[in-house]
Amino acid sequence: MEYVVKIKDLKYKYRRSPDWVLKGISLSVRKGEILGIVGPSGAGKTTLCMCLNGIIPHVLRGTMEGEVTVLGMNTLEHTSQELTSKIGIVFQDPETQLFGLTVEEDVSFLPINLGLPPDEVKRRVKWSLSIVGLEGYEDRFPYFLSGGEKQRVAIASVLSGQPEVIILDEPTSELDPIGKDQVFQVINQMARLGRTMIIVEHDTERLAQIADRIIVINDGQIVLEGTPEEVFTEVTLLEKLGVKVPETVKLGYLFDKEKVGWAKKYGYPLSLEEAYERLIKIFAEKKVSKKQYTLEASKQSLERKQEEPIIKVRNLWHVYGEGTPTQTVALKNISLDIYEGEFIAIIGQNGSGKTTLVKHFNKLLTPSNGQVIVYGMDTREVSTAELAKRVGYCFQNPDHQIFSKTVWEEVTFGPKNLGLPEEEVKKRALEALKTVGLEGYEDEDPFSLGKGERQKIAVASVLAMKPDVLIVDEPTTGMDRKASIGMMELIKSLNDAGKTIIIITHDMDIVAQYARRVIVLHQGEILIDGPTNRVFSQPKVLEKTNIKPPQITRLAYKLKEYIRPDILTIEEAHKELVNVLG
């Protein structure tokens, strides 16, 4: 058996860090294997990846012990340039890998530097962009792309080098559901071509379908290793660590916990198809009769005729680069109303106009045509500073928002610029930090903290302004399940306290669990707008905009002759199936 990666008792700690990040990792990876790596944030997953292609120890210097050999090359003895020509890595944050003036420049960089002829370079660029669904983007400026589109460019730029080992660190965190499927198809395809694929990923549903082996890392150590079935059925341990369990597995676990026993009899299903087939067998055994379900009138009625909307959008168009050769129409004739106290999720494929839309609510963008009215103010006629008092906006990447040397400076910046007295500034900052759970972090450098903490700082800096509306763009990107739920519970508590919440996210499980209204955008237009259960019970319509409802909702829809098709959560599905099965 040929091993392309061999790690023996690897330990590592960063400079100025008293603690080891990796604490004796030993691991071998076979040629052509798809290895999935899961674990909570801060467990050491990214550090391990950087040890494989020479970033550690050649670029990020620290204390390293043990041995890492990749494709026969000891990483201590070979330069990072030698290693990166054979071992490609895609980082979680795509902007760390983009530097060209066009997409083509970024994607062609590796094959050009490999000395390939121009025709081969063009072929690889075309192939790589087609794989990630960005044909025709060659001349686009990368920094004008959406977060998900940037991620696809970063993936394509590594694929174009066709390395023998490809490491992907959260490669789908900013992609829409269909885009995630496409990336996992690429991973499968590359493995069939003999490439070795190592993937750090929080999306366990998809990882379970393609990985040959899974390792779970916690506190710098491997705590669990095996096939997807062996690993993901350890539900109690994984949930304790903050690793998301595939929904079909969790459903089987809930049944066995109640001693209903069907999951033990048939095994925990790792996929929607397995769950469907097993439930159909169980329905036949139990002689469950088919029913004709119709969706009841939703309790989440959007009819609010007696209320005045706090945000009114009328015939909104937005065009980037208007009048230039690269003119892009991002929004087309959007009209909608938003009411006080709503919890809204705006979803859609990458580049569908989600972020462009919400940036009109506080005048980060102004309409090319049409009108946006916020609390009775036409956004064309008031300043962004004035609107910021009512509408707070947290960027998709908190690093685009954070700029101060300490957490305290960051959180007090907004209230100070409102001209508030010093005591009021202090009071608001302390309240905001307490709300997000960052008391005691006042003197910390924001950029020394993890992604989850930086996201909380961004939220706190907005909360200190005391806005009535809070917009959070991708609130849980790159977070483990525990951190994601913590962030969303924080946002929910703000909604419960009366704030209007608007989130943009590709995490459909989060939408199902928290949002009461969903607005679906497709190519700059509203495709669907309604209560969450109604929106997610239209999977064929959602396909147009690269959206897949949560796994458990898709399962319920396939079983719509037996159970309600508008189920949103595992708990709902479990309760419904218990009632049906008796």
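Bear in mind that the values here come from a model prediction, so they are computed numbers and not experimental data.

Caption draft 1: Highlighting the pattern of salt bridges. Tallied over the full model, the rule gives 30 salt bridges. We note a salt bridge from Arg-213 to Glu-33, for which the minimum N-O separation is 2.8 Å. Within this pair, whereas Arg-213 is found in strand E9 (residues 213-218), its partner Glu-33 is found in the loop between strand E2 (22-30) and strand E3 (34-38), the two being separated by 180 residues in sequence. A salt bridge links Lys-244 to Asp-509; its shortest N-O distance comes to 1.9 Å. Here Asp-509 lies in helix H20 (residues 508-514) and Lys-244 lies in the loop between helix H10 (235-241) and helix H11 (247-257), a separation of 265 residues in the sequence. For Asp-509, a relative accessible area of 10% puts it in the buried group. Connected through salt bridges with shared partners, the residues Arg-30, Glu-33, Arg-213 and Glu-225 form a single ionic network.

Caption draft 2: Highlighting the packing of helix H13 (residues 272-285) against helix H24 (residues 570-581). Following both chains from N to C, one finds H13 and H24 inclined at 25 degrees, their axes separated by 11 Å at the closest point. In terms of orientation, H13 and H24 fall into the roughly parallel class. Here H13 contributes Leu-279, Ile-282 and Phe-283 to the contact with H24, which in turn contributes Leu-577, Val-580 and Leu-581. Here the contact of H13 with H24 is composed, by residue class, of six nonpolar, no polar and no charged.

Caption draft 3: Quick peek at the sheet that holds strand E11 (residues 311-320). Reading across from one edge, E12-E11-E14-E15 is the order of the four strands in this open sheet, with antiparallel pairing throughout. Edge positions in the open sheet fall to strand E12 (328-338) and strand E15 (377-378), since each of these has one partner strand only. Relative to E15, strand E14 (residues 369-374) runs antiparallel, the two being bridged by two bridges. Bridged to Val-374 within E15 is Met-377.

Rules used in this analysis
- Residues numbered from 1 in each chain as written.
- Predicted model: local features only at pLDDT ≥ 70, side-chain atom pairs only at ≥ 80, totals over all residues.
- Heavy atoms only, no water.
- Salt bridge = Lys/Arg side-chain N within 4 Å of Asp/Glu carboxyl O.
- Helix = DSSP H or I, 4+ residues; strand = E, 2+ residues; numbered from the N terminus.
- Buried < 20%, exposed > 50% of the residue type's maximum accessible area, 1.4 Å probe, protein only.
- Axes fitted to C-alpha atoms, helices over the stretch in contact; angles between N-to-C directions.
- Parallel < 35°, antiparallel > 145°, perpendicular 65-115°, else oblique.
- Contact = heavy atoms within 4.5 Å.
- Nonpolar A, V, L, I, M, F, W, Y, C, P; charged D, E, K, R; others polar.
- Pairing = 2+ DSSP bridges.

So far we have only geometry, and geometry alone does not tell us how the molecule works.
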